[in-house]
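Remarks on the overall topology
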Amino acid sequence: MIHRVHFRAFVSVTEDEERVRRALSIFVPLEYIRSSRATGYYGNPITILEAELRRKEGLEFVHTLKEQLSAGDLTRLRREIPERVDDDCKLHLRLDKQAAYRGMIRLSDAGDAIDVSVHVATYPSRYEEAVRLLRELF
């Protein structure tokens, strides 16, 4: 059902990388987090933190998300599932980085967030089936 869950967070030069790692660690073990370096549009250094959960661990993340999101965020997510799923059967969402640092899970519309992609395994791979499965999960 859940093939993998991918997490990505950008760390700007003004942020503390360890704090962003700590925010990510409420979703994935610290040892899963890998980093790479990039250069921003204005030449500023950016650190990209990424992690991935597979199958059972990914499904556990989805259950945690369902349990810990506020009622309003969960209602919003359920309503927006069709718009958040792409043709590759991936559910896209952003989680509030500051809230995660404080141990809470909240949806975010901000650019400075933790990007999450939940890849739903359907055979054959179909958007409609992915939406149906996600509606059952949430």
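Keep in mind that what you see is a predicted model, and the values were worked out from it rather than measured.

Describing helix α1 (residues 17-24)
- Those residues of α1 that sit buried are Glu17, Val20, Arg21, Ala23 and Leu24. Each buried residue of α1 sits inside an arc of 160° when the element is viewed along its axis, so together they form one side.

Overview of the packing of aromatic side chains
- Counted according to the given criterion, the structure contains four aromatic pairs.
- Geometrically, the ring pair formed by Phe7 and Phe61 is edge-to-face, given 5.1 Å between the ring centres and 85° between the ring planes. Here the residue Phe7 occupies a position in strand β1 (residues 2-11), and Phe61 occupies one in helix α2 (residues 55-68), the gap between them amounting to 54 residues. An identical accessibility class is assigned to Phe7 and Phe61; each is buried.
- Ring centres of Phe27 and Phe61 lie 5.8 Å apart, and the angle between their planes is 80°; this geometry places the pair in the edge-to-face category.

A short note on the pairing of β1
- The buried fraction of β1 amounts to seven of the ten residues, a majority that puts the element mostly inside the structure.
- Bridging between β1 and strand β5 (residues 113-120) involves six bridges; their strand directions are antiparallel. The partner of Val5 across the bridge, within β5, is Val118.
- Summarising the sheet, β1 and strand β3 (residues 45-54) pair through eight bridges and their orientation is antiparallel. Residue pairing in the sheet places His6 in a bridge with Glu52 of β3.

Rules used throughout
- Residues numbered from 1 in each chain as written.
- Predicted model: local features only at pLDDT ≥ 70, side-chain atom pairs only at ≥ 80, totals over all residues.
- Heavy atoms only, no water.
- Buried < 20%, exposed > 50% of the residue type's maximum accessible area, 1.4 Å probe, protein only.
- Helix = DSSP H or I, 4+ residues; strand = E, 2+ residues; numbered from the N terminus.
- Arc of directions from axis to C-beta.
- Phe/Tyr/Trp six-rings, centres within 6.5 Å; stacked < 30°, edge-to-face > 60°.
- Pairing = 2+ DSSP bridges.

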